[in-house]
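Tertiary structure, described
What follows is each chain in one-letter form.
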Amino acid sequence: MIRVKDLYVSFEFPVLKGININIEDNEFLVILGKSGSGKTVFIKTIVGLIKPERGEIYIDDVKITNGNIKETLKARKNIGFVFQGSALFDSLNVFENIALPLREHFHLTKKEIEMRVKRALELVELEGIEKLYPSELSGGMKKRVALARAIVYEAKYIFLDEPTTGLDPETSLKITNLLKELWGKIKGTFIAVTHDFGFTEEVATRIAWLKDGKFEFIGDVENFKKIDMKEVHAYFMKTF
Amino acid sequence: MKIIYSLLYEMGGFVNSFIKMIFYLKEINKVKKEIIFQIYEIGLNSLPLVIFISAFLGMVASVQTAYQIRDFVPLIYLGAGVAKGVMIELGPVITGLVVAGRVSSGIAAEIGTMKVTEQIDALEVMGISPYRFLFLPRVFAGMLALPMLTIISDIIAILSGMWISNFTGITNYETFARGAKLFFLPKDLFGGLFKASIFGIILSFSGSFYGIETKGGAQGVGISATKAVVTSCLLILVFDYLIGILIYG
């Protein structure tokens, strides 16, 4: 479980102003909110990429906001992150990209690494592209390779930053279905940030609505739809 | 006041990053393959440029020295002057400056692009330190590649200096070579190579540091590349002076 207590993040101006949430194991939490509301900042703070001004973050009861690098690194072995732009390493091919975290943190044989990479690519339905470089992949394929890299070391928590943004409707739907299926298969906790309500409706077990630096709403899809707010209705209008 | 503060802040960041990288020296085994690749990138790919510049450097050094000494000093000293000048100063410094222009900016642009496309964030989330994964192989490769390039530069410059002095009738091959051998000291050669090693560290580290400090998008990458080259060149000249005093002073 991830516990966030009274989290504040500021740059030149305050972005997150006292976030409190418990992210339960095996749930699919989707964080919604306007552009610039701090959704990405929130998930990047949880994984330790952004230092909070104050507040506490616990990953499996280990406090990672006390500056202990060892604890943070240990917690990160349980974290997979799919970045908005996929963030694949240009100089490495698909196989090397996916194998990198395995080579760095696990004492596996060459054969074991090959098997795990193959399995991860099967899960994202991209068999046989191991030797291609990121520049040779489409946007949708890059997202799936990034997803394979996030799940290859069996991370317990998978963070997804705008997983369907910038994709055509067909590829977007494919990624949505893939994530839903994957979540069912690997029994992990998925935390996604998105603007795509179609995606949210399909996958979310819980929605968190971020507004003015705080969660205005945390609950299921049906209750979210009942909120009488202009910004919330804008999501449905885009979708239907 | 603001400029001084930001300069001190940048210097602090520079030193702090260097210490962080040193901390990962014990894991150098993990990046052996990448070091070899970077030696190829920094060293072998800079070779044509270094050869071209060294050839002209040697010729200029020879002609200019001859012009200055021919009325006062026997021309046997021409070979000594050119060889010593090249080994102690011109070879390492010019190689360092030329490679800084080519490599430092390249490293800063590469790592800077990784920064703005979230690849550095991806490394950190995977628990992989960029100081170990990106800095260490480049800095180590720079440290090894620069002396190799400098040896080649020294040889090309001395040979081209010898050729031009014979070709233009200033002196002949034998006199030039005898002069070069007569006053040769191993300290001249090895001191120059030691300098080259330090320059290799400086230029590859500057590129890495400004790369990871990149902010914004394409414009930020350009600014980082420029900063990396300027800082490399300045530090090469400062360290040239300091090492010069230490070894030859």
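Residues numbered from 1 in each chain as written. Chains lettered and ligands numbered in written order. Predicted model: local features only at pLDDT ≥ 70, side-chain atom pairs only at ≥ 80, totals over all residues.

Of regular secondary structure, chain B possesses nine helices and zero strands. Helices (α) and strands (β) of chain B occur, in sequence order from the N terminus, as α-α-α-α-α-α-α-α-α. Here the C-alpha coordinates of chain B stretch approximately 65 × 45 × 30 Å along the principal axes. Within chain B, buried positions represent 48% of all 249 residues. Partitioning the intrachain contacts of chain B with sequence separation of at least 6 by distance along the chain shows that 89% fall at a separation of at least 24. (Helix = DSSP H or I, 4+ residues; strand = E, 2+ residues; numbered from the N terminus. Buried ≥ 20, exposed ≤ 12 C-beta atoms within 10 Å, placed from the backbone. Contact = placed C-beta atoms within 7 Å.)

Within chain A, the secondary structure is distributed over nine helices and 10 strands. For chain A, the C-alpha radius of gyration of 18 Å lies close to 18 Å, the compact-globule estimate for 240 residues. Each principal axis of the C-alpha atoms in chain A carries an extent, and together these give about 55 × 45 × 30 Å. Out of the 240 residues in chain A, the part that is buried amounts to 41%. The long-range share in chain A, meaning contacts at least 24 apart out of those at least 6 apart in sequence, stands at 67%. (Rg over C-alpha atoms; globule rule 2.2 N^0.38 Å.)

Looking now at the sheet that holds strand 2 (residues 14-23) of chain A. Residues and elements named next belong to chain A. Reading across from one edge, 2-1-4-5 is the order of the four strands in this open sheet, with antiparallel pairing throughout. The open sheet has two edge strands with one neighbour each: strand 2 and strand 5 (62-63). As judged from the five bridges shared by strand 1 (residues 2-10) and strand 4 (residues 54-59), these two strands associate in the antiparallel manner. Bridged to Ile2 within strand 4 is Ile59. Along the sheet face, helix 1 (residues 39-46) touches strand 1, strand 2 and strand 4 and points at about 120° away from the line of strand 1. (Pairing = 2+ DSSP bridges. Axes fitted to C-alpha atoms, helices over the stretch in contact; angles between N-to-C directions.)

With that out of the way, let us pick up the sheet that holds strand 8 (residues 189-193) of chain A. Residue and element names in this part refer to chain A. The mixed open sheet is built from six strands, whose spatial order is 6-7-8-3-9-10. Of all the strands in the sheet, the pair left with one neighbour each is strand 6 (79-82) and strand 10 (214-219). The average angle at which neighbouring strand axes cross in this sheet is 15°, direction not considered. Bridging between strand 3 (residues 28-33) and strand 8 involves four bridges; their strand directions are parallel. The residue of strand 8 that forms the bridge with Ile31 is Val193.

It is worth spelling out the interface of chain A and chain B at this point. On the side of chain B, 10 residues touch chain A, which itself brings 15 residues to the contact. In terms of residue count, the dominant contributor to the side of chain A that touches chain B is helix 3 (residues 94-105) of chain A (four residues). Its residues assigned to classes, the side of chain A that touches chain B comprises 10 nonpolar, two polar and three charged. (Nonpolar A, V, L, I, M, F, W, Y, C, P; charged D, E, K, R; others polar.)

Regular strands show a simple pattern: their side chains alternate between the two faces of the sheet. Residues and elements named next belong to chain A. Bridge analysis of strand 1 against strand 2 gives seven bridges, and the strand direction is antiparallel. Following the sheet pairing, Val9 is matched in strand 2 by Leu16. From the end of strand 1 to the start of strand 2, which pair antiparallel, there are three residues.

All names here are of chain A. For helix 5 (residues 139-151), spanning 13 residues, the distance from its first C-alpha to its last is 19 Å, which sits close to the expected 18 Å at 1.5 Å a residue. Where burial is concerned, most of helix 5 is hidden: 11 out of the 13 residues are buried. Every buried residue of helix 5 is listed here: Gly140, Lys142, Lys143, Arg144, Val145, Ala146, Leu147, Ala148, Arg149, Ala150 and Ile151. Packing partners of the buried residues in helix 5 comprise strand 6, helix 3, helix 4 (110-123), strand 7 (157-161) and helix 6 (169-186). (Expected span 1.5 Å × (residues − 1).)

Turning to the nonpolar core, a few remarks are in order. In this structure, Val30, Ile31, Phe81, Ala148 and Phe159 of chain A are the most contacted members of the largest nonpolar core, which totals 125 residues. Once residues lying within four places of it in the same chain are set aside, the contact partners of Ala148 of chain A are Ile98, Ala120, Leu121, Leu123, Val124 and Leu126 of chain A. (Core = buried A, V, L, I, M, F, W, Y, C linked by C-beta atoms within 7 Å.)

Time to look at the confidence of the model for chain B. Mean pLDDT for chain B: 94, with 100% of residues reaching 70 or above. Taken over the whole predicted complex, pTM reads 0.88, whereas the ipTM for its chain interfaces reads 0.88. (pLDDT = per-residue confidence, 0-100.)

Time to look at the pairing of strand 4 of chain A. Residues and elements named next belong to chain A. Sheet topology note: the strand 4/strand 5 ladder contains two bridges and is antiparallel. When the bridges of strand 5 are listed, Ile59 appears paired with Val62. Hairpin connection from strand 4 to strand 5: two residues lie between these consecutive antiparallel strands, with Asp60 at a positive phi of about 50°.

It is worth spelling out unusual backbone geometry at this point. Residue and element names in this part refer to chain A. Non-glycine residue Asp60 carries a positive phi angle of around 50°. Relative to the helices and strands, Asp60 resides in the loop between strand 4 and strand 5. Its identity as a non-glycine residue notwithstanding, Asp61 has a phi of 65°, on the positive side. Following the sequence through the fold, Asp61 ends up in the loop between strand 4 and strand 5.

Residue and element names in this part refer to chain B. Among the structural elements, Phe190 can be located in helix 8 (residues 186-212). Under the C-beta neighbour-count criterion, Phe190 is labelled partly exposed, with 13 such atoms within 10 Å. Residues Phe190 and Ile247, 57 residues apart in the sequence, show an inter-C-alpha distance of 10.0 Å.

Attention shifts here to the packing of helix 8 of chain B against helix 9 (residues 218-248) of chain B. A packed helix pair is summarised by two numbers, namely the angle formed by the two axes and the spacing between the axes. Residues and elements named next belong to chain B. Where helix 8 meets helix 9, the axes come as close as 8 Å, and the angle between the chain directions of the two elements is 155°. Relative to helix 9, helix 8 is oriented roughly antiparallel. Where helix 8 crosses over helix 9, the two elements pack in a sense that is right-handed. Residues Lys187, Gly191, Phe194, Lys195, Ile198, Phe199, Ile202, Leu203, Ser206, Gly207, Tyr210 and Gly211 of helix 8 lie in contact with helix 9, whose contacting residues are Ser224, Lys227, Ala228, Thr231, Ser232, Leu235, Ile236, Phe239, Asp240, Ile243, Ile247 and Tyr248. Residues belonging to the contact of helix 8 with helix 9 are distributed by class as follows: 13 nonpolar, seven polar and four charged. (Parallel < 35°, antiparallel > 145°, perpendicular 65-115°, else oblique. Left-handed = near helix turned anticlockwise from the far one by under 90°.)

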